Amino acid sequence: MKVSMLDLRAQKVRLGGAIENAIARVVEHGAFVMGPEVYDLEMRLAQFAGVTEVVTCANGTDAIVLALRALGVGPGTAVYVPAFTFAATAEAVALCGATPVFVDVLPDTFNMDPASLWRALDREIPDLPSRAIVTVDLFGQPADYNTIGRIAGERGIPLVADAAQSFGASLGGKKVGGLALLTTTSFFPAKPLGCYGDGGAVMTDDTELARRLRSLRLHGRGTDKYDNVRVGMNSRLDTIQAAVLIEKLQVFVEEIAARNRLARRYSETLREAVTVPMVGEGAGSTWAQYTVRSTNRDRLAEHLKEAGVSSAIYYSTPLHQLRAYDSFPVSPDGLKTAEYLSDEVISLPLHPYLEVAEQDFVISRLLECLS
Ligand SMILES: *Cc1c(COP(=O)(O)O)cnc(C)c1O
């Protein structure tokens, strides 16, 4: 048996031709850029996430850049980001000309550690005013927005949520999208809600920020495309990708439920052999990844590979140790948790169409290696 991390073919079968038909309709009407499906999708996403404004864009990295630029983040400012995430979180900050400041994460949820954030904010770097905090909902679970939101509020620093992995998740009954001033997401094919290429979006309840975002994604347009009032970007979601996403959104709730069933099953059977992921009080995850911890991680990865089971290591190097980011400031107490997590984490196959027999195979191969 071979078990893969992702099965987009099974999803396409589930949708029974709906995606091909949706693409064909776009090819027929020919409005490939900012066509009607883009606005239709934005309305549906807003309804889904319970926010008033959704501005789609070209990818999840641009979404963070657009959010930061809408807030006025630029050179000579500091933006706080977790050290244990995909590089795009810090890359977006640097692309704005700002300085990413790395904050440690919590060992059980993998998300930003509020105490580390607090210490980083307390230090105040000379001539580098704090301009934003970017949290990441790693592997699909919302960060601790209750605590981090309070810190951001007390300091008067805007909070941006990088929800590239968590669109569809919730915290305390509130959907991802409404947990921060601005929330960004990605529709990269491997994300829980993915299109057939690159795509992204920014969500907010702030109409003024949404107005700036809509201008920024279209070359900084004012009243029209040739009235440029700011330096913007070319960052739009292709109409074809919007059409694909409208169809996939129809089964998204059922897919998240399937991911949760599988995650629960993994946790029940694996908790003796590895450290299974913790879901915080009141949190719901999209399980973008099912990530366990083991001090025998490398041996396990090798064993699974030999057995035909795919696995992945997100992330093998914390951002502050990557060449492109190793000169940026870090939280005063260091980033010890991010460092040891990168040696211990391994993500197992989990997608909505994973069959029980496949999951049993993964479980037995893991247990035979580690018990
Ligand atoms: C995927 C991802 C991004 C970037 O999204 P793209 O659409 O690939 O640009 C940013 N942050 C996190 C945490 C991600 O997982």
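One can find the structure itself at the top, above this paragraph.
Residues numbered from 1 in each chain as written. Predicted model: local features only at pLDDT ≥ 70, side-chain atom pairs only at ≥ 80, totals over all residues. Heavy atoms only, no water.

Once that is clear, we can look at empty space enclosed by the protein. If you walk through the whole model with that rule in mind, you get three cavities of 30 Å³ or more. Roughly 100 Å³ of volume is contained in the largest cavity. Looking at the lining of the largest cavity, the elements with two or more residues in it are helix H1 (8–15) and helix H10 (252–270). Counted by class, the lining of the largest cavity contains seven nonpolar, three polar and five charged residues. Computed from the structure, the second largest cavity encloses a volume of approximately 90 Å³. Surrounding the second largest cavity, 13 residues form its lining, Phe110, Phe139, Gln141, Pro277 and Trp287 being those nearest its centre. Split by residue class, the lining of the second largest cavity holds seven nonpolar, five polar and one charged. (1 Å grid on protein atoms, 1.4 Å probe; cavity = no way out; pocket = protein on both sides within 12 Å on 5 of 7 lines; lining within 4 Å. Points joined across faces, edges and corners; volume = space filled by probe spheres on them. Helix = DSSP H or I, 4+ residues; strand = E, 2+ residues; numbered from the N terminus. Nonpolar A, V, L, I, M, F, W, Y, C, P; charged D, E, K, R; others polar.)

Another point: the site of the ligand. Around the ligand sit 14 residues, and of these Gly60, Thr61, Asp162, Ser186 and Lys191 come closest. Here Asp162 contributes a side-chain N or O atom positioned 2.7 Å from a nitrogen atom of the ligand. Within the complex, the protein chains bury 93% of what would otherwise be the 380 Å² of accessible surface of the ligand. With respect to the pocket detection grid, the ligand is positioned in the largest pocket. At the level of secondary structure, the elements contributing two or more residues to the shell around the ligand comprise helix H4 (60–70) and helix H5 (88–95). Of the residues assigned to the shell around the ligand, the class counts are four nonpolar, eight polar and two charged. (Near = heavy atom within 4 Å. Polar contact = N/O pair within 3.5 Å; in protein donor to acceptor, adjacent residues only side chain to side chain. Areas by Shrake-Rupley, 256 points an atom, 1.4 Å probe, with all protein chains shown as cover. Sits in = over half its atoms within 2 Å of the grid points.)

What follows is about the pattern of salt bridges. The full count for this structure, using the stated rule, is 14 salt bridges. Across the pair Asp298 and Arg297 runs a salt bridge, and its minimum N-O distance is 2.8 Å. In this structure Asp298 comes out as exposed when scored by relative accessible area, which is 54%. Via salt bridges that share partners, Glu208, Arg211 and Arg212 belong to a single interconnected network. (Salt bridge = Lys/Arg side-chain N within 4 Å of Asp/Glu carboxyl O. Buried < 20%, exposed > 50% of the residue type's maximum accessible area, 1.4 Å probe, protein only.)

Okay, the packing of H4 against H5 next. Following both chains from N to C, one finds H4 and H5 inclined at 45°, their axes separated by 9 Å at the closest point. What the angle tells us is that H4 and H5 run oblique. Along this stretch, H4 crosses H5, giving a crossing that reads as right-handed. Contacts between H4 and H5 involve Thr61, Ile64, Val65 and Leu68 from the first element and Ala88, Thr89, Glu91, Ala92, Val93 and Leu95 from the second. Split by residue class, the contact of H4 with H5 holds seven nonpolar, two polar and one charged. (Axes fitted to C-alpha atoms, helices over the stretch in contact; angles between N-to-C directions. Parallel < 35°, antiparallel > 145°, perpendicular 65-115°, else oblique. Left-handed = near helix turned anticlockwise from the far one by under 90°. Contact = heavy atoms within 4.5 Å.)

The subject of this paragraph is the layout of surface pockets. In this model, the largest pocket occupies a volume close to 550 Å³. Surrounding the largest pocket, 29 residues form its lining, Phe86, Gln165, Phe188, Lys191 and Tyr315 being those nearest its centre. Here the element with the most residues in the lining of the largest pocket is H4; it accounts for three residues. When grouped by side-chain class, the residues that make up the lining of the largest pocket number 17 nonpolar, eight polar and four charged. Its volume calculated, the second largest pocket comes out at about 170 Å³. Thr109, Pro142, Ala143, Asp144 and Gly280 are the residues nearest the centre of the second largest pocket, which is lined by 13 residues in total.

Moving on, we get to the environment of Gly280. Along the chain, Gly280 falls in the loop between H10 and strand E10 (283–284). The class for Gly280 is buried, based on a relative accessible area of 18%.

Without other data, these values stay purely geometric and don't point to any function.
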